[in-house]
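So you can see what is in the structure, the chains are spelled out below.
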Amino acid sequence: KEEGEMEEKDGPSAPSKRKKDQEKAMEGESEQGGEKRSRRCKNDSSKHMIDLPHSDGQMWVRISKILSETKVEKWDDFEKLASDLNPHKEETYRYKALYKAVDSMGEEGKKFFSKILPFVQELILQLPVQFADAKSIPLLRQGYPAKLTLTAHQCAVILACAFFDLLPSGRNCPELAFAGVFSRCEEHSKCLLHYFFRLAVGGISERNVSFHRLVLKNAEEFEPQEDTKLTEFKVLPVGHMIEDADGCLQADFANEWIGGGVLQAGCVQEEILFLEKPECLCSMLFCEVMLANESITLVGAERFSKHTGYARGFKYAGDFKDKTPLDPKRRISNVIIAFDAIVAFSVLVKGKMKDERIIFLTKNLDWWRVRQWMSLYTYNLCKNHLSAIMDADSVP
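Residues numbered from 1 in each chain as written. Predicted model: local features only at pLDDT ≥ 70, side-chain atom pairs only at ≥ 80, totals over all residues. Heavy atoms only, no water.

S.K.: Teacher, can you tell me more about the pattern of salt bridges here?
M.R.: Opposite charge on two side chains lets them pair, provided their charged atoms get close. On inspection of all chains with the given rule, the structure shows 17 salt bridges. As a salt-bridge pair, D77 and K74 come within 3.3 Å of each other at their nearest N and O atoms. Assessed through its relative accessible area of 45%, K74 is described here as partly exposed. Salt-bridge contacts for K110 lead to E107; the nearest nitrogen and oxygen are separated by 3.4 Å. (Salt bridge = Lys/Arg side-chain N within 4 Å of Asp/Glu carboxyl O. Buried < 20%, exposed > 50% of the residue type's maximum accessible area, 1.4 Å probe, protein only.)

S.K.: When you look at the sheet that holds strand β4 (residues 208-215) in this model, what are you seeing that I'm missing?
M.R.: The pairing of strands in a sheet comes from backbone hydrogen bonds and takes either a parallel or an antiparallel form. Pairing is mixed in the open sheet, where five strands are placed in the order β3-β4-β6-β9-β5. A strand with exactly one partner marks an edge of an open sheet, and here the two such strands are β3 (146-151) and β5 (249-254). Averaged over all neighbouring strand pairs, the angle between strand axes comes to 20 degrees, with direction disregarded. On top of the sheet, helix α13 (residues 269-276) reaches β5, β6 (294-299) and β9 (335-340); it is set at about 125 degrees to β5, its chief contact. (Pairing = 2+ DSSP bridges. Helix = DSSP H or I, 4+ residues; strand = E, 2+ residues; numbered from the N terminus. Axes fitted to C-alpha atoms, helices over the stretch in contact; angles between N-to-C directions. Contact = heavy atoms within 4.5 Å.)

S.K.: Is there a simple way to think about helix α5 (residues 75-85) in this case?
M.R.: Structurally, the α-helix is built with 3.6 residues per turn, so residues lying three or four positions apart point the same way. Within α5, burial applies to W75, D77, F78, E79, L81, A82 and L85. Packed against the buried residues of α5 are α4 (57-69), α6 (96-104), α8 (112-125) and α10 (152-163).

S.K.: When you look at the packing of aromatic side chains in this model, what are you seeing that I'm missing?
M.R.: Each aromatic ring pair is characterised by the separation of its centres together with the angle its planes make. Counted under the stated rule, the structure contains 16 aromatic pairs. Centroid distance W75 to F78: 5.7 Å. Interplanar angle 90 degrees. Geometry classified as edge-to-face. Highlighted residues: W75 and F78, both in helix α5, separated by three residues, approximately one helical turn. With centroids separated by 5.1 Å and ring planes inclined at 85 degrees, the aromatic side chains of F211 and F286 adopt a geometry described as edge-to-face. Within this pair, whereas F211 is found in strand β4, its partner F286 is found in helix α14 (residues 283-286), the two being separated by 75 residues in sequence. Over the ring of Y144 we find R141, and its NZ or CZ is 4.0 Å from the ring centre. (Phe/Tyr/Trp six-rings, centres within 6.5 Å; stacked < 30°, edge-to-face > 60°. Lys NZ or Arg CZ within 6 Å of the ring centre and 35° of its normal.)

Just distances and angles here, no functional claims.
Written as structure tokens, this is what we have:
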């Protein structure tokens, strides 16, 4: 079903459907969960900010009291804690995948109640310290080029809040909440648990992660240079993966909603990338859905896990030590460029290429080239360390 849904989304009918979805998203009514997001959203959209849990004093007193006074020693305690933290939550989860993940993770799993969960609780309690200067963070909005930088510790705090579904959602942003994954995705759950285990045992390094949004003006007028030559490249045999590439830009063939189905049982290229580098998940909190002339670039996310397989065959395969050096801004020298991906292909009809499909293919290839140019421009912005908020007029 997962692969079939992706084919339907990215198939020949995708462009028109994508446009309709985006129009609905602007009204907060997207087919991909707009009603659910609007119910969860506690933010004034006019502020263009995402309010963190400690922004509501009364709510934070209740949350911090529950986390400080609750010691979880068995699954019934865990479910009660999750319920107490979200008394008005409409969905009911049983966390079956989380149970299975803990049971099958050996020594790490045995430390879930004694090490991992207390660490997650403590991270959430650090919200007022890690976000002392502001109780909200800015949205990276459609149509506005901008950059947001978080520390690795701030990323960990945000993801700890997602562990218990404590985060609101922007009107046009994906939902950052782990309950769905913990209820039905065992291998996804293992990746997330391993991330928290690594931090609990080894500590959180002092480094940063940057999230960029680039908006290309007049994308329809963009004319690729036909005489531009390709640089040298290598084609590697089966067995080599994007995640293992060293010193390269990493293309994220993304959903228009950053992260795609990573928290909804999806498990193809983008989802795997976000599971192995959980700090990427933070983008789901504040990055609005990408429009046709936009891309999102993530700089500095650390890789924590390995995997085998793909889609339904995806399996968590243990720890990964990321030895990539830091750049001058204390970010891991890794750049992920996310752009809304579609499948461009044509069909043979009785031995001949069908004309309208050729047109479709040509249009899509032009569309791809705009994306690639735009994404590389984003990389240059990252590399040259331009200002945190760029003037929209400075973007071509």
